[in-house]
Amino acid sequence: MYARRMDHLPPYLFARIDDMKDEKLRQGVDVIDLGVGDPDLPTPPHIVEALCTAARDPKNHHYPSYAGMLAYREAVAEWYQGRFGVRLDPKEEVLALIGSKEGIAHIAEAFVNPGEVVLAADPGYPVYKTSALFAEGRVHELPIRADDDFLPVLDDIPADVVRQAKLIFINYPNNPTAAVAPISFFEEVVEFAREHDIIVVHDNAYSEITFDGYRAPSFLEADGAMEVGIEMHSLSKTYNMTGWRVGMACGNPDIIAGLGRVKTNVDSGAFNAIQHAAITALTGPQDSVARACSIYQERRDVLVSGLSDIGFDVQAPKATFYVWAPVDDCMAFAAQLLDQAGIVATPGVGFGRNGEGFVRFAITRSIERIAEAVDRMRGLDL
Ligand SMILES: *Cc1c(COP(=O)(O)O)cnc(C)c1O
């Protein structure tokens, strides 16, 4: 019944973990779920208020414009200028997305011909591979390893693969490894893309979730980035708005136009009331973002010091709400953790074969629950 491409969709291993978790819940176990990459903190009230006000206005009840309201795109441009010093033309260089996942899933349709290569990190956010698959492109996995600070080694990509490559996905601060990239890495990617005529799509979903004074750059800050690529961004992680489905693609106008053309044929834009609320988020007070980061940072410290005590070789990440911890066999570890301690963590192979040897803990639970998880792990023979 299903098309052959469905067989190649990334294995949804999370479903198996979910089944195991549900079974534990049925047994009455007090499960601590450190699996989900979804903030537990609420959307700041002033943003919710802005939505309510906008939702009551019948003007907002019609089909939105495909590219997004100009006022929203202007707010995005202003935010990029203030936050990254990157100048964007709101009309040509900014596109509203129904969450950045949507833009990522659609981008390959616009640029990748059947059989052309899409370069995607492994482990990585699964949607990069999905995007390539729907365009009938071929994925070439770029292994990212602890020894290389979880940055792909571009020189390791075979020459014939590079020749057939049309698009590369990168993502720093990174999910799932929590690694960050220096601007020099982005500059290296720009050089590589220029030399081989490859489109760069940087996914910057976690740029605002940073710790210890670290400031994550935009890919568009790199010299020449606007010529070769775009950046997908999102309000999801910054403002605890994962359920709202609003994001943006920014950068090279031709690439933005290509993505826009695909979207025009698929969706009809993000609800205007949500775009109004997003304007409020981007242009209003930002103290909630700093507060969220300090909450995550405290949680990170509890988890990382706890895991270190127990004997894990973990680093405190500078960004994201994940801790990427080395283990022997990730599936066996995750199963044991759930079975014996009622803790959900995501096995690294869920993000690609090179994720073997790691589990991802999401610190999207209260500090008390994270401390409790550490206590439970202490009692185990891990
Ligand atoms: C959460 C996440 C996104 C998607 O966020 P949206 O809610 O679709 O904007 C994109 N990339 C990565 C790496 C993520 O973790």
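Residues numbered from 1 in each chain as written. Predicted model: local features only at pLDDT ≥ 70, side-chain atom pairs only at ≥ 80, totals over all residues. Heavy atoms only, no water.

J.: Can you help me understand the packing of helix α3 (residues 70–84) against helix α10 (residues 272–283) in this one?
T.: Interaxial distance between α3 and α10 falls to 9 Å at its minimum, and their mutual angle equals 20°. With respect to α10, the axis of α3 lies roughly parallel. For the element pair α3 and α10, the recorded crossing hand is left-handed. Packed against α3, whose contacting residues are Ala71, Tyr72, Ala75, Val76, Glu78 and Trp79, the element α10 presents Gln275, Ala278, Ile279, Leu282 and Thr283 at the interface. When grouped by side-chain class, the residues that make up the contact of α3 with α10 number eight nonpolar, two polar and one charged. (Axes fitted to C-alpha atoms, helices over the stretch in contact; angles between N-to-C directions. Helix = DSSP H or I, 4+ residues; strand = E, 2+ residues; numbered from the N terminus. Parallel < 35°, antiparallel > 145°, perpendicular 65-115°, else oblique. Left-handed = near helix turned anticlockwise from the far one by under 90°. Contact = heavy atoms within 4.5 Å. Nonpolar A, V, L, I, M, F, W, Y, C, P; charged D, E, K, R; others polar.)

J.: Honestly, the domain arrangement of the protein in this entry has me stumped. Any pointers?
T.: You'll often see interface size given as the accessible area lost when the parts meet. According to the domain assignment, the protein consists of domain 1 (4–42 + 287–378) and domain 2 (45–283). Centre-to-centre separation of domain 1 and domain 2, based on C-alpha positions: 25 Å. For the pair domain 1 and domain 2, the summed buried surface comes to about 2,900 Å²; carbon and sulfur atoms form 63% of the total. Considering only the surface of domain 1 that becomes buried against domain 2, Lys318, Thr320 and Phe351 emerge as the three largest contributors, covering 21% of it. If you look at where domain 1 meets domain 2, you find three salt bridges. For the salt bridge of arginine 353 with glutamate 141, the shortest nitrogen-to-oxygen distance reads 2.9 Å. Taken together, domain 1 and domain 2 are joined by 13 residue pairs in polar contact (both at pLDDT 80 or more). Listed by contribution, the elements that provide at least two residues to the side of domain 1 that touches domain 2 are α11 (287–310), β9 (322–326) and β12 (358–362). Among the elements that make up the side of domain 1 that touches domain 2, the one with the highest residue count is α11 (five residues). Considered class by class, the residues forming the side of domain 1 that touches domain 2 number 15 nonpolar, eight polar and six charged. (Domains from an automatic or database assignment. Buried area = accessible area lost by both parts, 1.4 Å probe. Salt bridge = Lys/Arg side-chain N within 4 Å of Asp/Glu carboxyl O. Polar contact = N/O pair within 3.5 Å; in protein donor to acceptor, adjacent residues only side chain to side chain.)

J.: Whenever I open this one, the pattern of salt bridges confuses me. Can you help?
T.: Taken as a whole, this structure holds 23 salt bridges when the rule is applied. In this structure, arginine 215 engages glutamate 221 in a salt bridge whose closest nitrogen and oxygen atoms are separated by 3.1 Å. Note on arginine 215: relative accessible area 40%, which makes it partly exposed. Note that arginine 376 is salt-bridged to glutamate 372, the shortest N-O span being 2.8 Å. Within this pair, arginine 376 and its partner glutamate 372 are both found in helix α13 (residues 367–378), separated by four residues, close to a single helical turn. Classification of glutamate 372 as partly exposed rests on a relative accessible area of 33%. Taken together, the shared-partner salt bridges connect Asp30, Arg369, Glu372 and Arg376 into one network. (Buried < 20%, exposed > 50% of the residue type's maximum accessible area, 1.4 Å probe, protein only.)

J.: It is not clear to me how the nonpolar core should be interpreted in this structure. Could you clarify?
T.: Within soluble globular proteins, side chains that are nonpolar tend to cluster in buried spots. Counting 65 residues, the largest nonpolar core has Tyr72, Tyr80, Leu119, Phe219 and Leu235 as its most contacted members. Once residues lying within four places of it in the same chain are set aside, the contact partners of leucine 235 are Tyr72, Asn240, Met241, Val246, Gly247, Met248, Ala278, Ala281 and Leu282. Counting 34 residues, the second-largest nonpolar core is a separate cluster that includes Phe312, Ile343, Val359 and Ala373. (Core = buried A, V, L, I, M, F, W, Y, C linked by side-chain atoms within 4.5 Å.)

J.: Help me understand the sheet that holds strand β8 (residues 247–251) in this model?
T.: Consider a sheet: its strands pair through backbone hydrogen bonds, and that pairing is either parallel or antiparallel. Spatially, β2-β8-β7-β6-β5-β3-β4 is the arrangement adopted by the seven strands of the open sheet, whose pairing is mixed. Here the strands that pair on one side only, and so sit at the sheet edges, are β2 (94–97) and β4 (138–143). For this sheet, the mean inter-axis angle between neighbouring strands, taken without regard to orientation, is 20°. As paired strands, strand β7 (residues 229–234) and β8 are joined by five bridges and run antiparallel to one another. (Pairing = 2+ DSSP bridges.)

J.: Got a minute to help me understand the packing of aromatic side chains in this structure?
T.: Each aromatic ring pair is described using two quantities: the centre-to-centre distance and the angle formed by the ring planes. If you walk through the whole model with that rule in mind, you get 16 aromatic pairs. Taken together, a centroid distance of 5.6 Å and an interplanar angle of 65° make the contact between tyrosine 125 and tyrosine 128 edge-to-face. The class of tyrosine 125 is partly exposed, set by a relative accessible area of 23%. Looking at tyrosine 128, the relative accessible area reads 3%, which means it is buried. Consider the rings of tyrosine 206 and tyrosine 322, whose centres lie 5.6 Å apart with planes at 70°: the pair is edge-to-face. Of this pair, tyrosine 206 sits in the loop between β6 (199–203) and α8 (225–228) while tyrosine 322 sits in strand β9, placing them 116 residues apart in sequence. Take tyrosine 206 and tyrosine 322: they sit in the same class, and that class is buried. Counting every residue linked through ring pairs, the aromatic cluster contains Phe150, Trp324, Phe351 and Phe358. (Phe/Tyr/Trp six-rings, centres within 6.5 Å; stacked < 30°, edge-to-face > 60°.)

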